[in-house]
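Inside the fold
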Amino acid sequence: MISLRHTLPPLALLLALAAAAQGQLTPERALDRRGISDLQLSPDGSRLAFTVSEPPKGDARNSDIWVLDLRTKEVRRFATSPKEDRSPRWSPDGKRLAFLSNREEKTQVYVMPVDGGEAVALTKGKMAVESFNWSPDGRQISFLAAEPKSEAEEKREKDKDDARVIDKDDKRTRLWIADAVSGEARQVTSAPWQVVEAHWAPQGNRLYVIATDTPGSDRWTDRLCAVYLADGAVHPLAAPKGPIGELRVSPDGKWLAYVGSSQDGPTPHDLIVQPVDGSAPRNLTAGAIDRPIQAYAWRADGALIVEAAAGFGSVFYTVTLDGKAARRDPLPIHPGDFSLSPSGALAFVGQTTTAAPEVWLAAPGSKPQPVTTLNAAWKDVPLIAPEILKYRSFDGLEIEAALLRPPGLAAGTRAPLIVLVHGGPTGRWSDAFNPWSQLLASRGYAVLMPNVRGSTGYGHKLVERNRADWGGGDFKDVMAGVDHLIQTGVADPDKLGIGGWSYGGYMSAWAITQTDRFKASVVGAGMSDLATEFGTEIDSAYDEWFYGLPWENREKFQASSPMTWVQRAKTPALILQGENDVVDPISQSQPLYRALKRLGVASDFVVYPRAGHGLREEKQILDSWRRIVAWFDLYVRGIREEAKPAAPTTQSTGG
């Protein structure tokens with residue numbers, strides 16, 4: 001089942017591995033870093049609130065609200081609890097800060113005076129709050145929450161008489177309004193409307209929402225609507241094609257901005273503005289930028305500051321309502337979440353592959369600088385900077401990729417190569433820390449991370465190039481990258497592996513049914529049968545954009561499914577799966593494992609209880625990382641670990 005022809009690496013490689021081990025990154029260290037998100041500048045621009053996520057400990061996740069004084073640069077924890085405090089929002093007068101917290105059983109809105117005092121739960125009840133916003137006058141707070149169960153429903157649930165009808169019995173998200181002092185709340189919208197986002201009009205008498213009146217349709221039916229508080233009536237304004245999100249109201253109240261689809265999907269890509277009177281929308285960035293909009297903010301003068309994904313980086317633009325886009329000065333670090341002050345100061349999260357996240361400030365006329373040291377300990381962590389390379393695929397298409405070379409490798413020595421494929425397919429690799437690649441590179445592997453066709457950050461035409469062609473041109477792009485590194489002397493052709501999560505897991509499953517060049521594969525939350533994926537996943541509209549409906553296009557679904565070709569598989573596969581995954585359900589991993597087991601292909605199927613599409617618990621994350629390294633070590637390099645990781649739930653057919 002496994003050949004150990006390459007058990008003994010060349011002496012040069014052994015020496016390089018020994019040297020690298022002296023400062024080797026460990027899974028524990030890779031997990032021990034803080035995340036920074038949801039930056040919110042105060043109305044006067046003097047203070048910045050943001051969320052800091054601590055590394056997971058056990059099965060608990062903790063995040064706190066921090067506040068930075070931009071004048072003194074003093075940073076402090078503002079709100080803290082053993083649970084998750086997140087989503088800070090300033091009151092219009094800047095005297096109070098509201099945030100979400102799951103300190104009690106359900107997530108609620110908490111309010112706290114900025115100058116001291118205790119956090120008080122503003123909302124109460126059986127429903128969990130999903131998001132909220134202050135009214136323009138600060139007297140009310142709007143929030144989104146699902147309708148609570150009735151007393152009769154609770155009694156049936158308690159008595160185990162709790163059968164439910166899918167769609168018809170689902171509790172949909174509604175718009176609610178609460179008094180900002182007493183917390184007294186009332187439900188504003190009702191069936192059939194499900195509300196996804198809600199933002200106040202400057203006048204304070206209505207909110208603009210993204211909502212649908214057909215929430216059980218399994219299609220993209222969200223519309224832009226106005227909801228008047230007087231009667232709660234929902235007035236549709238526009239019905240954009242494809243998925244939409246990130247709604248914002250212009251300062252003068254005349255425009256709605258949102259990120260929408262260039263045509264009809266598959267993900268929001270362009271910045272579009274819609275007059276509130278329902279007249280024709282304007283796509284501001286399809287022609288001027290043609291890159292996916294990651295974040296944006298209105299300026300007081302009616303222009304917008306836009307952050308767009310571009311290759312492995314991100315670029316800021318100033319965009320006007322007539323569609324003119326001016327690229328802003330480049331930043332010295334890869335930006336993430338940002339907030340814009342009235343004076344034009346830009347606060348943002350900055351990081352790179354080798355620089356851990358910190359808050360940065362770019363004030364007008366000043367050089368951008370980091371203003372926090374929340375991850376200061378990471379300055380001493382040995383990380384490997386990527387080389388950005390470009391190569392030609394089978395049809396001449398230029399593919400951009402990141403290459404991590406193992407440290408200390410002697411010139412002229414080939415390294416074992418692992419290809420990591422990103423999720424999506426409408427995703428991308430960027431200049432940010434990735435634990436899989438760093439753990440593998442620190443152990444002597446070269447790691448290739450290609451942005452193949454279908455990736456974002458290169459224009460919408462590239463996104464469209466793998467429509468109804470998963471496993472076709474995109475897989476050839478992967479193999480062209482492998483061949484490029486072999487031809488240039490980087491990779492050992494006899495020591496190749498592939499891995500990924502979600503769509504990356506799909507590609508790793510697909511690869512072992514198409515070629516035996518890879519010695520090992522890691523299939524994380526992947527897909528093995530696209531037709532059954534359509535029938536069991538939470539968002540089938542996404543897959544419908546690529547392939548249509550399986551009962552109308554079954555041959556296309558089958559042609560791109562690893563299970564159709566699984567009898568060809570010979571490569572050992574490590575299958576990792578969250579038991580409660582609703583994005584790519586466990587039913588996608590089970591048949592792949594069963595087939596490999598029947599075919600006699602070495603495979604481990606590891607199931608993580610309680611986990612969804614991504615692992616959240618400390619022990620599960622560490623377990624997965626250890627298994628990934630050990631799997632590639634065993635089957636790519638022929639190195640057997642004496643102590644295998646502790647098993648959550650593991651089934652195996654070899655090793």
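These numbers were taken from a predicted model, which means no experiment stands behind them. (Residues numbered from 1 in each chain as written. Predicted model: local features only at pLDDT ≥ 70, side-chain atom pairs only at ≥ 80, totals over all residues. Heavy atoms only, no water.)

1. Some words on the overall build of the chain
Within the chain, the regular secondary structure consists of 12 helices and 37 strands. Its C-alpha radius of gyration of 26 Å places the chain within 12% of the 26 Å reference for a compact globule of 655 residues. Out of the 655 residues in the chain, the part that is buried amounts to 54%. Here the contacts in the chain between residues at least 6 apart in sequence split such that 54% fall between residues at least 24 apart. With an accessible surface of roughly 27,900 Å², the chain has 49% of that area assigned to carbon and sulfur atoms. Considering the chain, the positive charge centre built from 75 side chains and the negative charge centre built from 80 side chains are found 3 Å apart. (Helix = DSSP H or I, 4+ residues; strand = E, 2+ residues; numbered from the N terminus. Rg over C-alpha atoms; globule rule 2.2 N^0.38 Å. Buried < 20%, exposed > 50% of the residue type's maximum accessible area, 1.4 Å probe, protein only. Contact = heavy atoms within 4.5 Å. Areas by Shrake-Rupley, 256 points an atom, 1.4 Å probe, with all protein chains shown as cover. Lys, Arg positive; Asp, Glu negative; His and termini not counted. Charge placed at Lys NZ, Arg CZ, Asp CG, Glu CD.)

2. A short note on helix α12 (residues 618-635)
For the α-helix, the turn length of 3.6 residues means that residues three or four positions removed from each other point alike. Between its terminal C-alpha atoms α12 stretches 26 Å, which fits the 26 Å expected from 18 residues at 1.5 Å a residue. Burial analysis of α12 places 15 of its 18 residues in the buried class, which makes it a mostly covered element. (Expected span 1.5 Å × (residues − 1).)

3. What to know about a nonpolar patch on the surface
The grouping of Ile538, Val582 and Val583 at the surface amounts to a nonpolar patch, some 260 Å² of accessible area in total. With respect to the secondary-structure elements, valine 583 resides in the loop between β35 (573-578) and α11 (586-599). Judged by its relative accessible area of 34%, valine 583 falls in the partly exposed class. (Patch = residues over 30% accessible without salt bridge, like charges linked within 9 Å, V, L, I, M, F, W, Y side chains within 5 Å. Salt bridge = Lys/Arg side-chain N within 4 Å of Asp/Glu carboxyl O.)

4. Concerning the pattern of salt bridges
Counted under the stated rule, the structure contains 32 salt bridges. The closest approach of N and O atoms between aspartate 85 and arginine 103, which form a salt bridge, is 2.8 Å. With aspartate 85 in strand β5 (residues 85-90) and arginine 103 in the loop between β6 (96-101) and β7 (108-113), the pair connects residues that are 18 residues apart, well separated along the chain. A relative accessible area of 0% places aspartate 85 in the buried class. Salt-bridge contacts for arginine 174 lead to glutamate 147; the nearest nitrogen and oxygen are separated by 2.6 Å. Within this pair, whereas arginine 174 is found in strand β11 (residues 173-179), its partner glutamate 147 is found in the loop between β10 (140-146) and α3 (151-158), the two being separated by 27 residues in sequence. Connected via shared salt-bridge partners are Arg34, Glu54, Asp64 and Arg77.

5. With respect to the environment of leucine 485
Locating leucine 485 in the fold gives a position in helix α6 (residues 473-487). Given the relative accessible area of 2%, leucine 485 is considered buried. For the pair leucine 485 and serine 217, spaced 268 residues apart in the sequence, the C-alpha separation amounts to 46 Å. Not counting residues up to four positions away in its chain, the partners in contact with leucine 485 are Leu389, Leu403, Arg414, Leu417, Leu448, Val490 and Ala491.

6. Thoughts on the pairing of strand β31 (residues 415-421)
Buried residues dominate β31, accounting for 7 of its 7 residues. The sheet contact formed by β31 and strand β33 (residues 491-501) spans 6 bridges and is parallel. Directly across from alanine 415, in β33, lies its bridge partner alanine 491. Both β31 and strand β32 (residues 446-451) contribute to a ladder of 3 bridges, which runs parallel. Its bridge partner being in β32, leucine 417 is matched across the sheet by alanine 446. (Pairing = 2+ DSSP bridges.)

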